[in-house]
Amino acid sequence: KQLDVLSEIVVIYFMSDWAMAEKKLYQVLELMKQDGYEHTLFTQYVLSYLADAKGNFIEALSYINEAMVNMNYTGDTVFSALFYTIEGDVHSVMGNQDSSVYWHKMAMAARYRQPPLFWYKSFFAVVPSLIDLGRKEEDLELTIEIPKEFPPVTMFDSMHLAYIVGLCYANLNNMKLA
């Protein structure tokens, strides 16, 4: 019962006070472990998200890696694309573009099992990493193929797609299409 109440409190703090939410999440995680609760991955994911938002990338990687170990152990993969996306984002910020591409492509591989809300950010994030790696044709191919199957849903997604298509063409020195 204490775990349920504390989890509800975390949701409230998450909307207004991330520092307090983080403290409460540590308590939730500890209670989960004490109770033998196996599905700690969602709490670890949120702790990773908060660490990433604070720029504490080593901690973010630590929590998301723990979450993915738990995800694989429990077989609870319904949100896997979200986990892979944060892993890819952190690697990108840390300058490890090869790993970033790997994790973002893992998220995108879930596109037939999970809604775009879970993986579309990885589609947008992988293109700059591919550009940084000099993989020009691959990034342009993704920006053409993915929207054919999964067109943008929101105005933001449409604008972001236009931006990354422009980046691809600019990278190919085709300023007319950029």
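Residues numbered from 1 in each chain as written. Predicted model: local features only at pLDDT ≥ 70, side-chain atom pairs only at ≥ 80, totals over all residues. Heavy atoms only, no water.

Quick look at the environment of Trp119 now. Take Trp119: it is sitting in helix H7 (residues 116-132). Trp119 gets classed as buried once you look at its relative accessible area, which sits at 0%. Measuring from C-alpha to C-alpha, the distance between Trp119 and His104 comes to 8.1 Å, with 15 residues separating the pair along the chain. Other than its neighbours up to four places away in sequence, Trp119 contacts Ala81, Ala107, Met108, Ala110, Arg111, Gln114, Ile146 and Phe150. There is a polar contact of 3.2 Å between the side chain of Trp119 and the backbone oxygen of Gln114. (Helix = DSSP H or I, 4+ residues; strand = E, 2+ residues; numbered from the N terminus. Buried < 20%, exposed > 50% of the residue type's maximum accessible area, 1.4 Å probe, protein only. Contact = heavy atoms within 4.5 Å. Polar contact = N/O pair within 3.5 Å; in protein donor to acceptor, adjacent residues only side chain to side chain.)

In total, this model carries 16 aromatic pairs according to the counting rule given. An angle of 90 degrees between the planes, with centres 5.1 Å apart, marks the rings of Tyr120 and Phe124 as edge-to-face. Linking Tyr120 with Phe124, this pair stays in helix H7, spanning four residues, or about one helical turn. Look at Phe123 and Phe124: their rings are 5.3 Å apart centre to centre, the planes differ by 35 degrees, and that puts the pair in the tilted class. For Phe123, a relative accessible area of 0% puts it in the buried group. Judged by its relative accessible area of 6%, Phe124 falls in the buried class. Cluster of aromatic residues (ring-pair linked, three or more members): Tyr112, Trp119, Tyr120, Phe123, Phe124 and Phe150. (Phe/Tyr/Trp six-rings, centres within 6.5 Å; stacked < 30°, edge-to-face > 60°.)

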